[in-house]
Amino acid sequence: MRKFRVPNTYVIIFFVLLICAASTCFVPGAVPQTWQVFSALYEGFSQQAGIIAFVLIIGGAFWVVNTTKALDAGIMKFMIAAGKLERYSLIRRLGVGNIVMVLIMLLFGLFGAVFGMSEETIAFVAVVIPIARSLGYDEFIAVCMVYVAAHVGFAGAMLNPFTVGIAQDMSGLPLFSGIEYRTFCWVVLMFITVAFVLWKSRKCRYLPELDSNKTVSMGEIQEVPSGMGAWVTYVGIIVSLFLFSINYAADCSVNIGSSSFDAPWLLWVVDAIFVIFGFIAIRKSRQMFILALLIFTIIFMVVGVMGYGWYLPEICALFLALALASGLSAGYSSDTVAKEFVNGAKDIFSAALIIGFAAGIIVILKNGNVIDPMLNSMASSLEGSGKTGALAGMYGIQTFINLFIPSASAKAAVTMPIMAPFSDMIGVSRQATVMAFQFGDGFTNMITPCSGVLMAVLSVARIPYGRWFGFIWKFILALIIAGFLLLLPTLYIDLSGF
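Below is a summary of the structure that appears in this document.

Procedures and definitions
Here the residue numbering is sequential within each chain, running from 1 through the sequence in written order. Under the rules for a predicted model, residues below a pLDDT of 70 receive no local features and side-chain atom pairs below 80 are neither given nor counted, while totals for whole chains, interfaces and linings still include all residues. The basis for every side-chain value is the complete set of heavy atoms in the structure, and neither hydrogens nor water enter the calculation. Strands here are runs of E lasting at least two residues and helices are runs of H or I lasting at least four, both read from the DSSP assignment and numbered beginning at the N terminus. Each residue is assigned to one of three classes by its accessible area relative to the maximum for its type, calculated with a 1.4 Å probe on protein chains only: buried under 20%, partly exposed between the two thresholds, exposed over 50%. Note on contacts: a residue pair qualifies if any of its non-hydrogen atoms lie within 4.5 Å across the two residues. Per-residue and other accessible areas follow the Shrake-Rupley method at a 1.4 Å probe size, with only the shown protein chains counted as cover for residues. Two rings from Phe, Tyr or Trp (for Trp, the six-membered ring) form a pair when their centres are within 6.5 Å of each other. A pair whose planes differ by under 30 degrees is stacked, one over 60 is edge-to-face, and the rest are tilted. For this document, the term salt bridge refers to a Lys or Arg side-chain nitrogen within 4 Å of an Asp or Glu carboxyl oxygen. For helices, the fitted axis covers only the stretch in contact; all axes are lines through C-alpha atoms, and the angles between them, taken along N-to-C directions, range from 0 to 180 degrees. Angles are sorted into four bins: roughly parallel if under 35 degrees, roughly antiparallel if over 145, roughly perpendicular if 65 to 115, and oblique for all others. Crossing handedness: left-handed means the near helix sits turned counterclockwise from the far one by under a right angle, and right-handed means the same turn made clockwise.

Counting its secondary structure elements, the chain contains 22 helices and 2 strands. Taking all 498 residues of the chain together, the buried fraction comes to 53%. Taking as baseline every contact in the chain between residues at least 6 positions apart, the subset at least 24 positions apart corresponds to 80%. Summed over its atoms, the accessible surface of the chain is roughly 22,000 Å², and 67% of this surface lies on carbon and sulfur atoms.

Structural data, given as structure tokens:
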């Protein structure tokens, strides 16, 4: 008998599209959709053009940064600095290995929360496995240090453009609003993750004598002195920032939740930070300077969103500038920058394609006039369950869907146009609905065999899926429960942005 395999994500989405089209032939008052199944795909792409462009540009920019090995060099420096802590007696008592483990997890948890690190963890797992083994931990702990930490951060993100950004856009919410409570959730979830891994690390010890697949020890990443391209980029950015600040600094009005205050000084402070730290970084190596560019880009994005109301066009422009500046700083020719940017866009194109296909489902439902009956049916099925039951239902739906469609952008395109208006009907804030989407999307990514990233990580670490499932399932269950408990305050406490 042939073993069952989960269909490709595109097949699942198209199958759902056909089901939705077929439903229009049976729902009373609906407009039957037949050949419109194919035109709906075009309309879906047209309606989500902004999000698709956003995903492609972000993917291309991060690819250019990754090819320079700036992140690799930064993490290696972090590891070396952490290892030097052993000379302190208190650190020795706590265990240098434990401290290094926690610091790495917090770093990758922050990466997941801020810019949605996911696929990049595949390469970093290969880097961290030798480090984990040198500290006495096995490959399970290495995967937790990188992959699990990044994906817990991804789930509890504050600024993740692929979950928070897209879901809030589709829900009609201000970009990255509600950041205060999301930050609290990230801290709680990371605390649970760190506690779990520290507990597991006592049993998951690396025994070299039993290892038939020894990993070659990792050498230091070769850092390259900054060339003329990096210095020209540095000076050019300073001039650009100066001109930008002269024209726009006075207009800065920071909005955090329901609070607002004028901050005409903020841009100048950010400029000064870049001048100082950029100079220090560029004198060390071009990788350190590119890493400084990445950090500065994230800071500037936060300032732009909160102080100037930036949205997708401005953020795309910012990351395009990052790609160009990183490439020039690395000494790339213009052709090489373009080539690497296109490679990054190709790498993430499947996610962009899924957004368009998934949006076609909503087009069919809207054109078929079945959205309202669907919402009424959901409301009726949850009638009497109260806000808590309704929010739990939405959270459960998102969690279940994620087992089969791990793509956050695809689920956002399919579910948020339905969930957002439904939340209005039952009296649950759209912000809480976005958070239910976040948690439902993020936690089960670490256990579903449909996740290509998970299977690639396990392949790199040589961990059979069955053993991984046995290792992680209780932790995933604990995260799901914790996620629901973190959703409850959004119903009963007056939270900023909710």
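Once the structure has been displayed, the description carries forward.
Now for the packing of aromatic side chains. Counting across every chain of the model gives 20 aromatic pairs. Aromatic pair Trp231 and Tyr234: ring centres 6.1 Å apart, planes at 85°, arrangement edge-to-face. With a gap of 3 residues between them, Trp231 and Tyr234 both fall in helix α11 (residues 228–248), about one helical turn apart. A relative accessible area of 31% means that Trp231 is categorised as partly exposed. A relative accessible area of 7% means that Tyr234 is categorised as buried. Here the aromatic residues Trp231, Tyr234, Phe244, Tyr248, Phe274, Phe279, Phe289, Phe296 and Phe300 are joined through ring pairs into a cluster of three or more.

Take the pattern of salt bridges next. Tallied over the full model, the rule gives 1 salt bridge. Across the pair Asp424 and Arg430 runs a salt bridge whose closest N-O atoms are separated by 2.6 Å. Judged by relative accessible area, Asp424 falls into the partly exposed class, the value being 44%.

With respect to the helices and strands, the residue Ile58 is situated in helix α3 (residues 49–67). By relative accessible area, Ile58 is classed as buried at 1%. C-alpha separation for the pair Ile58 and Phe319, spaced 261 residues apart in sequence, amounts to 6.4 Å.

This brings us to the packing of helix α8 (residues 139–155) against helix α19 (residues 430–442). Where α8 meets α19, the closest approach of the two axes is 8 Å, and the angle between their N-to-C directions is 160°. When the axis of α8 is compared with that of α19, the two are roughly antiparallel. Note that α8 runs across α19; the crossing there is right-handed. Residues His151, Phe154 and Ala155 of α8 touch α19, and the partners they reach there are Gln438, Phe439, Asp441 and Gly442.

It is worth spelling out unusual backbone geometry at this point. The phi angle of most residues is negative, glycine excepted, and most peptide bonds adopt the trans form. We note that Lys69 has phi near 65°; this positive angle belongs to a residue other than glycine. Tracing the backbone shows Lys69 in the loop between α3 and α4 (70–83). For Lys69, a relative accessible area of 43% gives the class partly exposed.

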